[in-house]
Amino acid sequence: MEITNKKSIILILFLMLGALAFNIQGTTAQGFVYSFNVLSDSSDIASLSKVDIITDIDISEEFIMLNNELYLSNSPQFLVFETSIPKTSINQVEFMYKDLNSSWQTVPVTLETDAPNVRFTLDTTDKSSLNGYYFIVNYKLNTSSIYTLFQSINHSFEYSLLTNLGEDDTATLNIALPESFKPLNTTGWRLIDERFQYTTPITKTSGIFYTIFFRESDYSESIDSLKQEISNLREDNAKLSQSIIELQDSVDSYKTENHNLTLEIETLNEKLEKAEEDRQVSDRISNNFWQFSWGLTILLPILLLVFAELRTKSVITSTQLLISSVVGTFVVFLLLYIIFIT
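Positions within a chain are numbered from 1, following the residues in the order the chain's sequence is written. Local features in this predicted model are restricted to residues of pLDDT 70 or higher, and side-chain atom pairs are both shown and tallied only at a pLDDT of 80 or more, whereas totals for entire chains, interfaces and linings draw on every residue. The basis for every side-chain value is the complete set of non-hydrogen atoms in the structure, without hydrogens or water.

(A) Spotlight on the overall build of the protein. Broken down by element type, the protein carries 4 helices and 14 strands. Relative to its full complement of 342 residues, the protein shows a buried share of 36%. Contact criterion: two residues are considered in contact whenever any of their non-hydrogen atoms come within 4.5 Å of each other. Within the protein, residue pairs in contact and separated by at least 24 positions form 75% of the contacts whose partners lie at least 6 positions apart. Areas reported as accessible are Shrake-Rupley estimates using a 1.4 Å probe. Residue values count occlusion only from the protein chains shown. Within the structure as shown, the protein displays about 20400 Å² of accessible surface, and the carbon and sulfur contribution to it stands at 57%. Runs of H or I in DSSP of at least four residues are treated as helices and runs of E of at least two as strands, each being numbered from the N terminus. Throughout this description, buried means an accessible area under 20% of the type-specific maximum (1.4 Å probe, protein chains only), exposed means over 50%, and partly exposed covers the range between.

(B) Summary view of the environment of Trp-294. Relative to the helices and strands, Trp-294 is located in helix α3 (residues 220-312). In this structure, the C-alpha to C-alpha distance between Trp-294 and Leu-336, residues 42 residues apart in sequence, is 9.8 Å.

(C) How the structure looks around the pairing of strand β6 (residues 104-107). When strand β5 (residues 90-98) meets β6, the two strands line up antiparallel, connected through 4 bridges. Paired with Lys-98 across the strands is Trp-104, a residue of β6. The turn linking β5 back onto β6 is made up of 5 residues, and Ser-102 within it adopts a positive phi angle of 65°. A pair of strands is treated as paired once DSSP finds two or more bridges between them.

(D) Fine view of a nonpolar patch on the surface. Exposure above 30% relative accessible area and the lack of any salt bridge qualify a residue for a patch; like charges then connect within 9 Å, and the nonpolar side chains Val, Leu, Ile, Met, Phe, Trp and Tyr within 5 Å. The rule for a salt bridge is simple: a side-chain nitrogen of Lys or Arg has to be within 4 Å of a carboxyl oxygen of Asp or Glu. Nonpolar side chains collect at one region of the surface, where Ile-323, Val-327, Phe-330, Val-331, Phe-333, Leu-334, Leu-335, Tyr-337, Ile-338 and Ile-339 lie side by side and expose about 950 Å² of accessible area between them. Among the structural elements, Tyr-337 can be located in helix α4 (residues 318-341). Taking the relative accessible area as the measure of exposure, Tyr-337 reaches 37% and is therefore partly exposed.

(E) Quick look at the pattern of salt bridges. Counted by the stated rule, this structure contains 7 salt bridges. Its salt-bridge partner being Arg-195, residue Asp-58 comes within 2.9 Å of it at the nearest N-O pair. Of this pair, Asp-58 sits in strand β2 (residues 51-59) while Arg-195 is found in strand β13 (residues 195-201), placing the two residues 137 residues apart along the sequence. Residue class for Asp-58 comes out partly exposed when judged on its relative accessible area of 30%. Residues Asp-278 and Lys-274 are paired through a salt bridge, measuring 3.0 Å at the closest nitrogen-oxygen approach. Here Asp-278 and its partner Lys-274 are both found in helix α3, 4 residues apart, which amounts to about one turn of the helix. Given a relative accessible area of 39%, Asp-278 falls into the partly exposed group. A residue is classified by how much of its surface remains accessible, and Lys-274, at 46% relative accessible area, is partly exposed. Here the salt bridges do not stand alone but share partners, grouping Glu-82, Glu-112 and Arg-119 into one network.

(F) The sheet that holds strand β8 (residues 133-142), seen in detail. Here we have 8 strands laid out as an open sheet, ordered β6-β5-β8-β3-β2-β10-β13-β12, and mixed in their pairing. Two strands close off the open sheet at either side, each with one partner strand: β6 and β12 (190-192). Geometrically, the sheet is characterised by an average inter-axis angle of 20° between neighbouring strands, direction not taken into account. Fitting a line to C-alpha atoms yields each axis, with helices limited to the stretch in contact; the angle taken between N-to-C directions then spans 0 to 180 degrees.

(G) Focus on the sheet that holds strand β9 (residues 154-161). Taken together, 6 strands build an open sheet; the order of strands is β7-β4-β1-β9-β14-β11 and the sheet is mixed. Of all strands in the sheet, those with a lone pairing partner are β7 (117-123) and β11 (181-183), marking the two edges. Strand-to-strand, the axes of this sheet are offset by a mean angle of 20°, without reference to chain direction. Examined bridge by bridge, strand β1 (residues 29-39) and β9 share 8 bridges and lie parallel to one another. Note on β9: the bridge partner recorded for Gly-31 is Ser-156.

(H) Representation of the side chain of Asn-67 within the structure. Relative to the helices and strands, Asn-67 resides in strand β3 (residues 63-72). Two N or O atoms form a polar contact when they lie within 3.5 Å of each other; inside protein one atom must be a possible hydrogen donor and the other a possible acceptor, and for residues adjacent in sequence the pair counts only when both atoms belong to side chains. Looking at Asn-67, its side chain comes within polar contact range of the side chain of Asn-138, at 3.1 Å. For Asn-67, the residues in contact, after removing those within four places along its chain, are Ile-54, Thr-55, Asp-56, Ile-136, Val-137 and Asn-138.

Written out as structure tokens, the structure is:
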């Protein structure tokens with residue numbers, strides 16, 4: 001969060017193009033740039049503490065109030081507060097801190113004389129609360145010193161947060177326009193008590209807010225625009241709800257289809273297991289039949305050859321040969337069947 005004086009002055013001078021002259025829709029415009037920065041010349045605040053910033057900008061036809069609430073979990077002894085507001089435009093600077101009793105104490109502010117803009121240094125010694133440092137710095141200036149609030153003249157406001165933010169740091173900006181003024185684009189703005197208000201977070205990647213506003217006596221167009229935006233949001237919400245219902249129906253349909261597919265897969269697995277069992281039985285029967293066939297092919301000729309030799313040597317008669325052949329064939333067939341088939 002440490003910023004050198006040279007870089008800060010260059011950036012602030014760049015932002016201090018206070019009275020902008022440009023044409024929007026053929027009308028002239030006045031602009032005001034407000035930058036807010038907290039730094040330390042002696043140490044890097046980013047490595048010391050967590051930073052939370054809430055900035056409230058209240059623009060009225062008489063005064064512009066720039067209120068910055070700052071929280072630091074830790075702090076070096078000296079902090080420098082600076083803005084892009086010229087000292088000639090400032091009406092009042094108020095600084096407060098929360099003490100150990102959670103009470104707000106006011107500290108007199110002495111602006112640096114050698115700085116063209118509002119800049120002062122704070123000694124943070126004995127200015128901490130129970131759980132960190134809480135500061136409020138409020139700048140008050142006359143609106144007439146910045147704006148000429150004539151009808152049909154656009155006005156611009158630019159807020160720049162120069163203080164670097166870390167991953168866990170937060171910054172919020174609240175804008176309230178003068179009564180009877182409206183933003184050029186009402187998207188995101190709220191109409192409260194005839195005044196347009198806007199709230200936005202400021203991140204480390206987008207530390208700038210810019211808006212253009214102008215006076216309008218008839219708010220009907222602005223209110224209609226807001227109503228139309230609400231109507232569009234309701235339509236989008238209805239479409240989103242319908243999409244969610246359709247997605248839910250798709251999920252339910254998918255669950256049913258997935259359940260059916262699971263049952264089919266289980267059935268197919270059972271059929272595959274049964275087919276595998278049938279294949280194994282078939283392979284076993286085929287193998288046994290092959291062994292049975294070869295057994296008959298080998299044993300029957302040998303048996304018949306033995307019986308024929310016995311008949312040749314007159315050991316058995318022709319009738320005995322016939323009976324022995326039939327009985328022997330049956331016995332061999334029966335033994336091979338028992339061994340290989342059953």
